[in-house]
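So you can see what is in the structure, the chains are spelled out below.
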Amino acid sequence: QDDEPVDVTLDQKPLESNGELVALAEYAADEILASKAWRGTRVDPVEEEVSSDLLRDGTALATPTKALATTTTNEAAPELCRALAACTGLAAARGGPEALAALLRRALYPLLEQLASTNPDARQAALAALVECAACTDTDDAKEALPALLAANLDYVVDAACRKLRRAATPEQAAKSASVVEVLLRHSQAEPATPLLRDVVRNALRDVDAHCVSAGSTHVATAFLRLMRAMVRAVPHIPGEDRIVQEETEDWLKPLLRDFGDRPTRQKAQDDSYKRLMDELNKYGPRDPPPEDAPPREVEQRDSTLTDEEKVFLGNRAHHAKLNEMGPSEASPEETLLSDVAKRATYFVATDDLAVQTVAFGVLADACDRLRAVPDRVRPLVHAVWPSIRARLPATRDACDALYHASGAQQWCVSAA
């Protein structure tokens, strides 16, 4: 009878005040985040095939030992994410927005880490917990609740992400931090070129530079490439991009109508093309010389008090001003970010993993596609990355055609290139 469990809560008063319930929610959340079960992992070593690490110029570094990849699992993470969401709901119901904001400062980044984990159950539970936290805010639109929640707490999340990125000493740690930044860009709908996110993006790209040589494992390279793809997609707008998209949507049918339509349709399509060509040529001034019987034009005599030296000075100044207008303009932060991402994607083009190569080619193509409205940026970029692309293509046209008609990872990689 002495060994029977004793209920210690019988002599305690129930928590009724809002302050006590908010304190209970904060205490439970702190205990969840500090518990070993939240950080508890089981590491399963898996031996991979012998692979060589590659330098940026494609030089192979021989690795005499086999690389080890680890799969990390946390079986308690889904339940703890649900418990953490319940704590935030209790704090919001009893303490209002102030109590919710104080709790989110501690819980938001750990939930993003779970959302970026490799455990699908933990990812789903973390996303559900973030949606429940967003539902506790005052945002009316359910689709915009989660982006608004992350935007309202972006400074705390960015500060925590920068600390993690600066402390990343191994490729695995850098890949984990890069995954968190990728999740943040994907769900927050924030612009990576803004001053607030510029630091975390710069630190993330610095980790890519530091660990690209050691990124022999597929999951490390994939994490870096997912981050760079999220950066490319998060860039909101490039000047001139809307015009190119509009022209493509309008003109894709006209060549078909010109070649295969009925006679009136073909004639109209040809007339439209000729009119557009003449409009473009007319922008450069008259092309035909005046007829021989045309009366001579009177030469206007302008009285000027300038000396020859002053005329030469003014002419040179106007000439240099025109050259400056014709020269390349200063790159915007968005254009600089896209160029940096494209150049870093070439790091992973020289790897032996065809899946990583395919993703790297996709990131490179997306970045160049976003810059095609800015010739001053895309032409030097294509000139710089083309040798890396050409090195992965077959040497002859027949071999390339054979791969196009084949199937498998090699064909996908060549098609992406």
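Residues numbered from 1 in each chain as written. Predicted model: local features only at pLDDT ≥ 70, side-chain atom pairs only at ≥ 80, totals over all residues. Heavy atoms only, no water.

Asks: Tell me about the overall build of the chain, and name the residues and values.
Replies: Regarding its fold elements, the chain presents 18 helices and four strands. Put simply, the chain has 417 residues, and 34% of those count as buried. Carbon and sulfur atoms form 53% of the exposed surface of the chain, whose accessible area is close to 26,300 Å². (Helix = DSSP H or I, 4+ residues; strand = E, 2+ residues; numbered from the N terminus. Buried < 20%, exposed > 50% of the residue type's maximum accessible area, 1.4 Å probe, protein only. Areas by Shrake-Rupley, 256 points an atom, 1.4 Å probe, with all protein chains shown as cover.)

Asks: Please provide a residue-by-residue account of a nonpolar patch on the surface, values included.
Replies: Together, Tyr274, Leu277 and Leu281 make up a nonpolar patch on the protein surface, roughly 300 Å² of accessible area in all. With respect to the secondary-structure elements, Leu277 resides in helix α12 (residues 263-282). A relative accessible area of 46% means that Leu277 is categorised as partly exposed. (Patch = residues over 30% accessible without salt bridge, like charges linked within 9 Å, V, L, I, M, F, W, Y side chains within 5 Å. Salt bridge = Lys/Arg side-chain N within 4 Å of Asp/Glu carboxyl O.)

Asks: Can you break down the pattern of salt bridges residue by residue, with the values?
Replies: Any two side chains of opposite charge can pair if their charged atoms end up close together. As enumerated under the stated definition, the model contains eight salt bridges in all. Close ionic contact of Arg377 with Glu335 constitutes a salt bridge, the shortest N to O distance being 3.2 Å. A residue pair is termed long-range when its members are at least 10 positions apart, and Arg377 in helix α16 (residues 375-391) and Glu335 in helix α14 (residues 333-345) qualify at 42 residues. Here Arg377 falls in the buried class, since its relative accessible area comes to 13%. Judged by its relative accessible area of 6%, Glu335 falls in the buried class.

Asks: Help me get a handle on the packing of α14 against α16, residues and values and all.
Replies: Viewed as axis vectors pointing N to C, α14 and α16 meet at an angle of 10°, and their least axial separation amounts to 10 Å. When the axes of α14 and α16 are compared, the pair comes out roughly parallel. Listed contacts from α16 to Glu335, Ser339, Ala342 and Lys343 of α14 are Arg377, Leu381 and Val385. In terms of residue class, the contact of α14 with α16 is built from three nonpolar, one polar and three charged. (Axes fitted to C-alpha atoms, helices over the stretch in contact; angles between N-to-C directions. Parallel < 35°, antiparallel > 145°, perpendicular 65-115°, else oblique. Contact = heavy atoms within 4.5 Å. Nonpolar A, V, L, I, M, F, W, Y, C, P; charged D, E, K, R; others polar.)

Asks: Residues and numbers for the nonpolar core, please.
Replies: Core analysis: the biggest nonpolar cluster contains 92 residues, and Trp38, Leu111, Leu112, Leu197, Val200, Met231 and Phe348 have the highest contact counts within it. Of the residues forming this core, the biggest block, 17 residues, is contributed by helix α3 (residues 77-115). For Val200, the contacting residues outside a window of four places in its chain are Val158, Ala161, Cys162, Leu165 and Val181. (Core = buried A, V, L, I, M, F, W, Y, C linked by side-chain atoms within 4.5 Å.)

Asks: Go over a negative patch on the surface, please, and point to the residues and values.
Replies: On the surface, a cluster of negative charge is made up of Asp138, Asp140, Asp141 and Glu144. Examined against the element boundaries, Asp140 turns out to sit in the loop between α4 (120-135) and α5 (145-152). (Lys, Arg positive; Asp, Glu negative; His and termini not counted. Charge placed at Lys NZ, Arg CZ, Asp CG, Glu CD.)

Asks: Tell me about the packing of aromatic side chains, and please be specific about residues and values.
Replies: In this structure the tally under the stated criterion is one aromatic pair. A ring pair is formed by Phe224 and Phe348, whose centres lie 6.3 Å apart and whose planes are at 40°; its orientation type is tilted. Taken together, the positions of Phe224 in helix α9 (residues 218-234) and Phe348 in the loop between α14 and α15 (354-370) put the pair 124 residues apart, joining distant regions of the chain. Look at Phe224 and you get buried, because its relative accessible area is 0%. (Phe/Tyr/Trp six-rings, centres within 6.5 Å; stacked < 30°, edge-to-face > 60°.)

Asks: Can you lay out α16 for me, pointing to particular residues and giving the numbers?
Replies: Note on helix geometry: an α-helix contains 3.6 residues per turn, so any two residues three or four positions apart are oriented the same way. With 17 residues, α16 should cover 24 Å at 1.5 Å per step; its first-to-last C-alpha distance of 24 Å lies within 8% of that length. For α16, the principal kink sits at Val385 and spans about 40°; a proline, Pro387, occurs within the next four residues. Listing the buried residues of α16 in full gives Arg377, Val378, Leu381, Val385 and Ile389. For α16, the elements touching its buried residues are α14 and α15. (Expected span 1.5 Å × (residues − 1). Bend = angle between axes of the 7 residues up to and from the residue.)

Asks: I'd like a rundown of the confidence of the model for the chain, residues and numbers included.
Replies: Chain-level pLDDT for the chain is 75 on average; 75% of the residues reach the 70-or-more range. Note that residues 43-72 has pLDDT below 50 and, in this model, 48 contacts with residues that lie over four places away or in other chains. (pLDDT = per-residue confidence, 0-100.)

Asks: Tell me what's going on with the side chain of Glu113, and back it up with residues and numbers.
Replies: Inspection of the secondary structure puts Glu113 in helix α3. With relative accessibility at 19%, the residue Glu113 sits in the buried group. For Glu113, the contacting residues outside a window of four places in its chain are Lys164, Lys176 and Val180.

Asks: Any details on α14? Residues and values, ideally.
Replies: Here α14 is 13 residues long and its end C-alpha atoms lie 18 Å apart, about the 18 Å a rise of 1.5 Å per residue gives. If you check which residues of α14 are buried, you get Glu334, Glu335, Leu337, Leu338, Ser339, Val341, Ala342, Arg344 and Ala345.

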